[in-house]
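Observations on chain architecture
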Amino acid sequence: MADGGGEPDQLAGERATAQFDVDGMKVAWAGSRHAVEVADRMARLVASDPVFRKDTRTMLSRKELFKDTLKKAAHAWKRIVELRLTEEEANLLRLYVDQPGYVDLHWGMFVPAIKGQGTEEQQKKWLPMAYKFQIIGCYAQTELGHGSNVQGLETTATFDPSADEFVMHSPTLTSSKWWPGGLGKASTHAVVYARLITEGKDYGIHGFIVQLRSLDDHSPLPGVTLGDIGGKFGSGAYNSMDNGVLRFDHVRIPRDQMLMRLSQVTREGKYVHSDVPKQLLYGTMVYVRQTIVADASKALSRAVCIAVRYSAIRKQFGSQDGGPETQVLNYKTQQSRLFPLLASAYAYRFVGQWLKWLYTDVTQKLEAKDYSTLPEAHACTAGLKSVTTSATADAIEECRKLCGGHGYLNSSGLPELFAVYVPACTYEGDNVQVARFLMKTVAQVATGKQPVGTIAYMGNIQHLMQCKSAVNTAEDWLNPAAIKEVFEARALRMAVNCAQNISKAPSQEEGFSELSPDLLEAAVAHVQLIIVTKFIEKLQEDIPGPGVKEQLQKLCSIYALHLLHKHLGDFLSTGCITARQGALANELLGKLYAQVRPNAVALVDAFDYTDHYLGSVLGRYDGDVYPALYEEAWKDPLNETVVPDGYQEHLRPLLKQQLKLSRL
Ligand SMILES: CCCCCCCC/C=C\CCCCCCCCCCCCCC(=O)SCCNC(=O)CCNC(=O)[C@H](O)C(C)(C)COP(=O)(O)OP(=O)(O)OC[C@H]1O[C@@H](n2cnc3c(N)ncnc32)[C@H](O)[C@@H]1OP(=O)(O)O
Ligand SMILES: Cc1cc2nc3c(=O)[nH]c(=O)nc-3n(C[C@H](O)[C@H](O)[C@H](O)COP(=O)(O)OP(=O)(O)OC[C@H]3O[C@@H](n4cnc5c(N)ncnc54)[C@H](O)[C@@H]3O)c2cc1C
C-alpha cells in the first residue's frame, strides 16, 4: 500500500468482481481478435520508444512542441518503413503517437482528395510521391472569411489558354486560406479549393493541386505567402499542428493540376462536366467525417477510462465512526453521470465500425457508377460527426469534473485531452446537415416512395405516427424492440412536425430558416436513433466470451434510456410515451447502474489502452495514483528552483516594503 491512503490493490479487487471475460470484450470492442492483436502490438511499440514520450508535452513552448512533432512524425515514418508496417499498422502507430500533426492531413485529406477527385492519370502522377513522403500535402479549403459556406470561397483559379495554365489568386484579405492543418510550416503541396474561371465565366468551387514550397530548401515559391495562424486553446493539445495561412499573388500552375475527375477544362478553355455528381467534390469530407466518428469513441473511452479507474481509487466520506471511506464510484450520482458516458463510448465505437462499413460500401458503389447511396452516406457522416463530437467534448469535460480537483491538473491528462479534442466539434462543420435529407425523405414518403437504409423506418409512417408504447414495468424497457419503437416514433414525429410547419411558411427557404432550431432537434433525434439501432444490431451478432453480450446489453439499455431521460420532453411532447413510462425508464436506469458497478473497471480495461496512450496519472492501470501525482508535481519547471525566478525583482522588495511599513 502506498503512503497516505492510496490503494493500488484497489483496482485488482475491482477486476476480480467482473462478471464477464475481459479478453472477449476486447475483441468485441476492437472488432476482431486480429484487431486486438495489431492494436496491442502497435500501442506497445509506441509506448516503449523514448522518442514518443509525451509526459512533458504541456510544458513545451510552441516552437519546441512543433519541433517535437516533426521529430515524432519522421521517426514514426522511419519505423513504418523499417518494420514494413501495413497501412492498418501504420495508422494505429499514428494514433498511438497521439500528437496531431501534418501527417493527419496528408493521409486523412490530401491523399483522399486526389484519390476521390483526381483522374487515373493524376492519381498515377501524384499518389506515389505522396505515399513515399516525397511531397507533403494538406487540404486548403477554408478561408479567413468563409468556412461553412464553401460556395462562398473567394480564391480564384483563372484559366489562361495562352499558357495552358491556371492563375491562382487571393483577391481579398478574406480570401486568405486560413486554418488548414499542416499548411503553416510543413506542407510542400496543397489541394486548394478555388473558384474556377474560364472564358470569363465563374464555374464555382473546384480542387487544384498547388505546390507551395521548394522541394530543395522548403522556402515558399514565388507569389506564395505562408505562415502559421497562431497559438490555439490549451497547453500542448492542438498546438502541435501548424494550422496555416496562405495567400496567392497570381501563382501559375499547369492546367493538368486541376483535379479533373468531376469536371475538366479543355486545352481551349472549355468547361466540361462529366456524369459524376458534383457533390463528389465534398467526398473527402465524407471520408474524414467517418474517421472523426471513429475518433470520438477513442477520445471518449480514454476520458471514461481515466474517470472510472480514478473513481474506484478515490475515497471520500462515508464512514461515521472513523472506518474506511467510500470509493466515489459507489456514489449513485457518480454512477449516473459516469456510466452513461461509458455506455456512449461503446455505442460510438459500434456506430463508428458500422459507418466505416457504410463508407466502404458507398465507395465500391461509386466505383461502379452507382451514386444512389451517396445522399444517405453524406447525411449519416455529417450527422453522426456532429452529434458524436459535441457529446464527446461535453463528456470529456464531465469526466474532468468527476475527477474533482486532481482532474484539473495537466498530469490527469484530461485538460489536454479536452483541448485537443474540442476543435473536432468545429472542423468539418458543426451543422447537422441531415435535416434537409430528412425533409426530402418525408416528402418522398408522402408520395409513396419506400425509403431504405437508415431512413427505412420512415416508411412505417402509419404505425409510427400513432403508436403508443406498451411498456408497463421498468423491466419492459429491457426489450430492444420497445426502445427502438419509441426512438423511431420520436424521430419521425419530430421530422413530420417540421415538414408540416415548413409547408405553412411563405416559402420553403423561409420555412427552413425559421424552423432551423426545430430541424436541428429533429436531426439529432434521427442520429440518436441510428446510434441506438446500430448498438441493438451489434447485439444480434454472435458475440463470444462468457458474459460479454450480457454486459453489452446492459450498456445498450443504459445508452438508450439515458437519452430518453435527457430528452424526455421530446418523447412526451410527441406523445410517444407517458410520464409514467418515462419514470419507469429512470427506475430501470438506477438498477442497471448498480449492475454495471462491479464490472466498471473491467469494462474500461477492455479498451486495452497502455498507460502511455492514456497519458494520465489518475488513469494508471495499477491504480498507484498518489505517489505518481506527487512525483509528477516535482517535474514542473516552477520546481526547478526552490526560490522562484523573480523573487529578487518582485517578491523580495514587496516583502521588505511591507516589513518596513509594519515597523512604522
Ligand atoms: C506517421 C505516418 C503515418 C502513416 C499512416 C499511414 C496510413 C494512414 C491512413 C489513414 C490516416 C487517416 C487519418 C485521419 C486523420 C483525420 C484528422 C482530421 C483532422 C481535422 C481535419 C479538418 C479538416 C477540415 O476542417 S477541412 C474543411 C471542412 N469544411 C467543412 O466541413 C465545411 C462545412 N460545410 C459544409 O459541409 C456545407 O454545408 C456544404 C459544403 C455541404 C454546403 O455546400 P453547398 O452550399 O454547395 O451545399 P448544400 O448544402 O446546398 O448541398 C448541395 C447538395 O449537396 C449535398 N451534399 C452536401 N455535402 C455533401 C457531401 N459531403 N457529400 C455528398 N453530398 C453532399 C447536399 O445534400 C445537397 O444535396 P441535394 O440533393 O439536396 O441538392
Ligand atoms: C483545429 C481546426 C483544424 C482545421 N483544419 C482545417 C483544414 O485542414 N482544412 C480546411 O480547409 N479547414 C480546416 N479547418 C476549418 C474548419 O473546417 C472550419 O472552421 C469549419 O468548417 C467551420 O467554419 P467556420 O470556422 O467558418 O465557422 P462559421 O461558419 O463562421 O461558424 C460560426 C457559427 O455560425 C454557425 N453557422 C454557420 N453557418 C450556418 C448556417 N447556415 N446555419 C446556421 N448556423 C450557421 C455555426 O454553426 C457556428 O455556430 C479547421 C478548423 C479548426 C478549428
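Remember, it's a predicted structure, so these values are computed and weren't measured experimentally.

What counts and how
Each chain carries its own residue numbering, running from 1 in the direction its sequence is written. Note on labels: chains are lettered from A, ligands numbered from 1, in written order. Residue-level local features of this predicted model are given only where pLDDT is at least 70; pairs of side-chain atoms are given and counted only at 80 or more, and the full residue set underlies all totals for whole chains, interfaces and linings. The basis for every side-chain value is the complete set of non-hydrogen atoms in the structure, without hydrogens or water. Among buried residues, those of type Ala, Val, Leu, Ile, Met, Phe, Trp, Tyr and Cys that are joined through side-chain atoms within 4.5 Å constitute a nonpolar core. Whether a residue is buried, partly exposed or exposed follows from its accessible area with a 1.4 Å probe, protein chains only, as a fraction of its type maximum: under 20%, in between, or over 50%, in that order. In what follows, residue pairs with any heavy atoms lying within 4.5 Å of each other are defined as contacts. Cavities and pockets were defined on a 1 Å grid built over protein atoms only: a cavity is a set of grid points that admits a 1.4 Å probe from which the probe cannot escape, a pocket is an open set flanked by protein on both sides within 12 Å along at least five of seven lines, and lining residues are those with an atom within 4 Å of any such point. Grid points are joined across faces, edges and corners, and a volume is the space filled by probe spheres set on the points. Strands here are runs of E lasting at least two residues and helices are runs of H or I lasting at least four, both read from the DSSP assignment and numbered beginning at the N terminus. Residues are sorted three ways: Asp, Glu, Lys and Arg are charged, Ala, Val, Leu, Ile, Met, Phe, Trp, Tyr, Cys and Pro are nonpolar, and all the rest, Gly among them, are polar. UniProt positions are given in the numbering used here, feature names are shortened, and annotations may be inferred rather than shown by experiment. Under this definition, polar contacts are N or O atom pairs within 3.5 Å; protein pairs additionally need one hydrogen-donor-capable and one acceptor-capable atom, and for neighbouring residues in sequence, both atoms have to be side-chain atoms. The positive count covers Lys and Arg only, the negative count covers Asp and Glu only, and His and the chain ends enter neither. Counted as salt bridges are all cases of a side-chain nitrogen of Lys or Arg within 4 Å of a carboxyl oxygen of Asp or Glu. Proximity is defined per residue: any heavy atom of the residue falling within 4 Å of a molecule or strand makes that residue near it. The Shrake-Rupley method, run with a 1.4 Å probe sphere, supplies the accessible areas, and residue values consider only the shown protein chains as cover. Cysteine sulfurs are considered disulfide-paired once they come within 2.5 Å of each other. We call two strands paired when DSSP finds no fewer than two bridges between them. Excluding any residue in a salt bridge, patches collect residues exceeding 30% relative accessible area, merging like charges within 9 Å and nonpolar Val, Leu, Ile, Met, Phe, Trp and Tyr side chains within 5 Å.

As for the nonpolar core
Core analysis: the biggest nonpolar cluster contains 174 residues, and Leu342, Tyr346, Trp477, Phe535 and Leu552 have the highest contact counts within it. Not counting residues up to four positions away in its chain, the partners in contact with tyrosine 346 are Met25, Trp29, Phe535, Leu552, Leu555, Leu603, Ala606 and Phe607. Cys138, Phe159, Phe166 and Val265 belong to the second-largest nonpolar core, a separate cluster that totals 23 residues.

Some details on the layout of surface pockets
Volume-wise, the second largest pocket comes out at about 820 Å³. In terms of lining, the second largest pocket is formed by 40 residues, of which the most central are Asp55, Ser411, Gly615, Ser616 and Glu632. Counting only elements with at least two residues in the lining of the second largest pocket, the list comes to helix H8 (283–313), helix H11 (414–421), helix H21 (611–614) and helix H22 (625–633). For the lining of the second largest pocket, the element with the highest residue contribution is H22, accounting for six residues. Looking at the lining of the second largest pocket residue by residue, the classes come out as 16 nonpolar, nine polar and 15 charged.

Structural notes on the UniProt feature "active site" (unreviewed entry) in the protein
On the UniProt side, "active site" (unreviewed entry) is annotated at positions that read Glu428 here. Examined against the element boundaries, glutamate 428 turns out to sit in the loop between H11 and helix H12 (434–446). Setting aside residues no more than four positions away along its own chain, glutamate 428 makes contact with Met109, Met285, Val288, Arg289, Ile292 and Lys385. In this structure the side chain of glutamate 428 is engaged in a polar contact, spanning 3.1 Å, whose partner is the side chain of arginine 289.

A short note on the environment of arginine 490
As for its placement among the helices and strands, arginine 490 is situated in helix H14 (residues 480–504). Given the relative accessible area of 1%, arginine 490 is considered buried. The spacing of arginine 490 and serine 573 is 83 residues in sequence and 9.2 Å in space, taken between C-alpha atoms. For arginine 490, the side chain forms a polar contact with the side chain of glutamine 528, separated by 2.9 Å. A distance of 2.9 Å separates the side chain of arginine 490 from the side chain of aspartate 570, its partner in a polar contact.

Thoughts on the UniProt feature "binding site: FAD" (unreviewed entry) in the protein
Mapped onto this numbering, the UniProt entry gives "binding site: FAD" (unreviewed entry) at Thr142 and Gly181. Sequence-wise these annotated residues cover 40 residues; spatially they are packed, their C-alpha atoms never more than 10.5 Å apart. By relative accessible area, which is 23% here, threonine 142 ends up partly exposed. Setting aside residues up to four positions removed in sequence, threonine 142 forms contacts with Gly147, Ser176, Lys177, Trp178, Trp179 and Pro180. Residue placement: glycine 181 occurs in the loop between strand S4 (177–178) and strand S5 (189–198). By relative accessible area, glycine 181 is classed as buried at 7%.

Considering the side chain of aspartate 242
Structurally, aspartate 242 is set in the loop between strand S7 (224–228) and strand S8 (244–248). No salt bridge is formed by the buried aspartate 242. Its closest oppositely charged neighbour is arginine 213, at 5.9 Å. Here lysine 185 takes part through its backbone nitrogen, which lies 2.7 Å from a polar atom of the side chain of aspartate 242. Among the polar contacts made by the side chain of aspartate 242, one reaches the main-chain amide nitrogen of alanine 186 at a distance of 2.8 Å. Those residues in contact with aspartate 242 that sit more than four places away from it in its chain are Arg62, Phe66, Tyr102, Pro180, Gly181, Gly182, Leu183, Gly184, Lys185, Ala186 and Asp228.

Re the site of ligand 1
The local shell around ligand 1 holds 33 residues, among which Ser148, Tyr282, Arg289, Gln433 and Lys440 are the closest. Contact between ligand 1 and serine 148: a nitrogen atom at 2.9 Å from a main-chain N or O atom of the residue. In the model, an oxygen atom of ligand 1 is placed 2.6 Å from a nitrogen or oxygen of the lysine 440 side chain. Taken by itself ligand 1 offers 1,500 Å² of open surface, and the protein chains cover 79% of this. For the shell around ligand 1, the secondary structure elements donating two or more residues are helix H4 (62–82), helix H5 (87–97), helix H6 (102–117) and H8.

Observations concerning the environment of lysine 201
You can see lysine 201 is positioned in strand S6 (residues 201–211). Residue classification places lysine 201 among the partly exposed residues on the basis of a relative accessible area of 46%. In sequence terms lysine 201 and tyrosine 271 are 70 residues apart; their C-alpha atoms lie 9.4 Å from each other.

Section: the site of ligand 2
Taken together, 18 residues form the shell around ligand 2, and within it Tyr139, Gln141, Thr142, Ser148 and Asp430 come nearest. The contact in question runs from an oxygen atom of ligand 2 to an N or O atom on the backbone of glycine 147, over 3.1 Å. Between ligand 2 and glycine 181 there is a distance of 3.0 Å, counted from an oxygen atom to a backbone nitrogen or oxygen. Burial of ligand 2 by the protein amounts to 60% of the accessible area it has alone, namely 960 Å². Tallied by class, residues from the shell around ligand 2 come to seven nonpolar, nine polar and two charged.

Considerations on the pattern of salt bridges
For the coordinates displayed, the defined rule picks out 40 salt bridges. Between aspartate 164 and arginine 267 there is a salt bridge whose closest N-O contact spans 3.7 Å. You can see aspartate 164 sitting in the loop between strand S2 (156–160) and strand S3 (165–169) and its partner arginine 267 sitting in the loop between strand S10 (263–265) and strand S11 (271–273), a full 103 residues away along the chain. With a shortest N-O distance of 3.0 Å, arginine 252 and glutamate 165 are connected by a salt bridge.

Comments concerning the state of the cysteines
Summed over the entire model, instances satisfying the criterion amount to zero disulfides. Cysteine 403 provides the cysteine sulfur closest to cysteine 399, a residue in no disulfide bond, and the two sulfurs are 6.8 Å apart. A disulfide-free cysteine, cysteine 498 has its sulfur positioned 14 Å from the sulfur of cysteine 576, the nearest such atom. Exposure remark for cysteine 498: the relative accessible area of 4% places this residue in the buried category.

Some details on the environment of valine 210
Relative to the assigned elements, valine 210 resides in strand S6. Remark: the alpha-carbon pair of valine 210 and valine 251, spanning 41 residues in sequence, is separated by 9.1 Å.

A word on the sheet that holds S8
Here three strands make up an open sheet; going across it, the order is S4-S8-S7 and the pairing antiparallel. The strands lining the two open edges of the sheet, one partner per strand, are S4 and S7. Bridge analysis of S7 against S8 gives five bridges, and the strand direction is antiparallel. When the sheet's bridge partners are listed, aspartate 228 is paired in S8 with glycine 244.

What about a nonpolar patch on the surface?
Where nonpolar side chains cluster on the molecular surface, the patch consists of Leu651, Leu654 and Leu655 and spans about 260 Å² of accessible area. Following the sequence through the fold, leucine 655 ends up in helix H23 (residues 647–663).

Focus on the side chain of histidine 189
Inspection of the secondary structure puts histidine 189 in strand S5. A polar contact of 2.8 Å, which involves the side chain of histidine 189, links it to the side chain of threonine 188.

Thoughts on the pairing of S5
The buried count for S5 comes to nine of 10 residues, which makes it a mostly enclosed element. Taken together, the three bridges between S2 and S5 define a ladder with parallel strand orientation. Bridge pairing links alanine 157 to leucine 196 in S5. Two successive antiparallel strands, S5 and S6, enclose a turn made up of two residues, where glutamate 199 displays a positive phi of approximately 50 degrees.

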